[in-house]
Amino acid sequence: QVQLVMSGGGLVQAGGSLRISCAASGRRTFSNFAMGWFRQAPVTERDFVAAINWSGGSTDYAGSVKGRFTISRDYTKNTVYLQMNSLQPEDTAVYYCATDAAYSSLVSGRPHYWGQGTQVTVSS
């Protein structure tokens with residue numbers, strides 16, 4: 001009974017920035033849940049991008065995005081964000097947010113709840 005609604009995808013030129021959002025709703029909020037981001041390019045597997053634990057005190061990033069992407073969460077709005085800077089064409093993918101009670105499930109790529117996905121396209 002947790003729904004994740006995503007927004008903020010779009011088209012951007014190489015070197016540009018985007019911020020995508022994921023808002024949680026339902027009988028329960030994602031309070032005390034870890035949150036994360038994944039992405040999937042055409043004919044590829046869904047890959048881990050970033051994760052943040054329930055308190056916001058711990059984060060993990062894929063090596064390909066470390067130093068360029070930042071994950072954060074707003075407890076007032078029950079929303080997690082992914083700020084993407086210095087975007088490159090290889091970042092083009094459908095991005096998904098996800099949540100789970102276990103932080104390790106986010107990092108390992110096996111979360112329980114998923115958003116619907118949003119397309120991010122980076123042109124060269």
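In the block above lies the structure referred to throughout.
This one's a predicted model, so the numbers in the text were calculated from it and none came from an experiment.

Focus on the overall build of the protein
Regarding its fold elements, the protein presents 1 helix and 11 strands. Computed over the C-alpha atoms, the radius of gyration of the protein is 13 Å, within 12% of the 14 Å expected from 2.2 N^0.38 for a compact globule of 124 residues. Each principal axis of the C-alpha distribution contributes one length, and for the protein these read about 40 × 25 × 25 Å. In the protein, which comprises 124 residues, the share counted as buried stands at 42%. A fraction of 58% describes how many contacts in the protein between residues 6 or more apart in sequence connect residues 24 or more apart. Roughly 6,200 Å² of accessible area belongs to the protein as shown, and the carbon and sulfur atoms make up 47% of that amount. The averaged location of the 7 negative side-chain charges in the protein is 8 Å from the averaged location of its 10 positive side-chain charges.

Comments concerning the pattern of salt bridges
Within this structure, the stated rule accounts for 2 salt bridges. For D91, the salt bridge identified is with R39, shortest N-O distance 3.0 Å. Here D91 is found in the loop between β8 (79-84) and β9 (93-100), whereas its partner R39 is found in strand β4 (residues 34-40), with 52 residues between them in sequence. In this pair, the class of D91 matches that of R39, namely buried.

Concerning the sheet that holds strand β1 (residues 2-7)
Strand order in the open sheet made by the 4 strands is β1-β3-β8-β7, with antiparallel pairing throughout. Here the strands that pair on one side only, and so sit at the sheet edges, are β1 and β7 (69-74). Each adjacent strand pair in this sheet contributes to an overall mean axis angle of 20 degrees, direction not counted. As paired elements, β7 and β8 share 6 bridges and run antiparallel to each other. When the bridges of β8 are listed, T70 appears paired with Q83.

Points about the packing of aromatic side chains
Considering all chains together, one arrives at 3 aromatic pairs under this definition. Taking 5.0 Å as the distance between ring centres and 55 degrees as the angle between the ring planes, the aromatic pair formed by F38 and W114 counts as tilted. Here the residue F38 occupies a position in strand β4, and W114 occupies one in strand β10 (residues 113-114), the gap between them amounting to 76 residues. F38 sits in the buried class, given a relative accessible area of 1%. Since its relative accessible area comes to 31%, W114 is described here as partly exposed. Over the ring of Y96 we find R46; its NZ or CZ atom is 3.6 Å from the centre of that ring. It is R46 that lies over the ring of W114; its NZ or CZ is 4.8 Å from the centre.

Scoring rules and cut-offs
- Residues numbered from 1 in each chain as written.
- Predicted model: local features only at pLDDT ≥ 70, side-chain atom pairs only at ≥ 80, totals over all residues.
- Heavy atoms only, no water.
- Helix = DSSP H or I, 4+ residues; strand = E, 2+ residues; numbered from the N terminus.
- Rg over C-alpha atoms; globule rule 2.2 N^0.38 Å.
- Buried < 20%, exposed > 50% of the residue type's maximum accessible area, 1.4 Å probe, protein only.
- Contact = heavy atoms within 4.5 Å.
- Areas by Shrake-Rupley, 256 points an atom, 1.4 Å probe, with all protein chains shown as cover.
- Lys, Arg positive; Asp, Glu negative; His and termini not counted.
- Charge placed at Lys NZ, Arg CZ, Asp CG, Glu CD.
- Salt bridge = Lys/Arg side-chain N within 4 Å of Asp/Glu carboxyl O.
- Pairing = 2+ DSSP bridges.
- Axes fitted to C-alpha atoms, helices over the stretch in contact; angles between N-to-C directions.
- Phe/Tyr/Trp six-rings, centres within 6.5 Å; stacked < 30°, edge-to-face > 60°.
- Lys NZ or Arg CZ within 6 Å of the ring centre and 35° of its normal.

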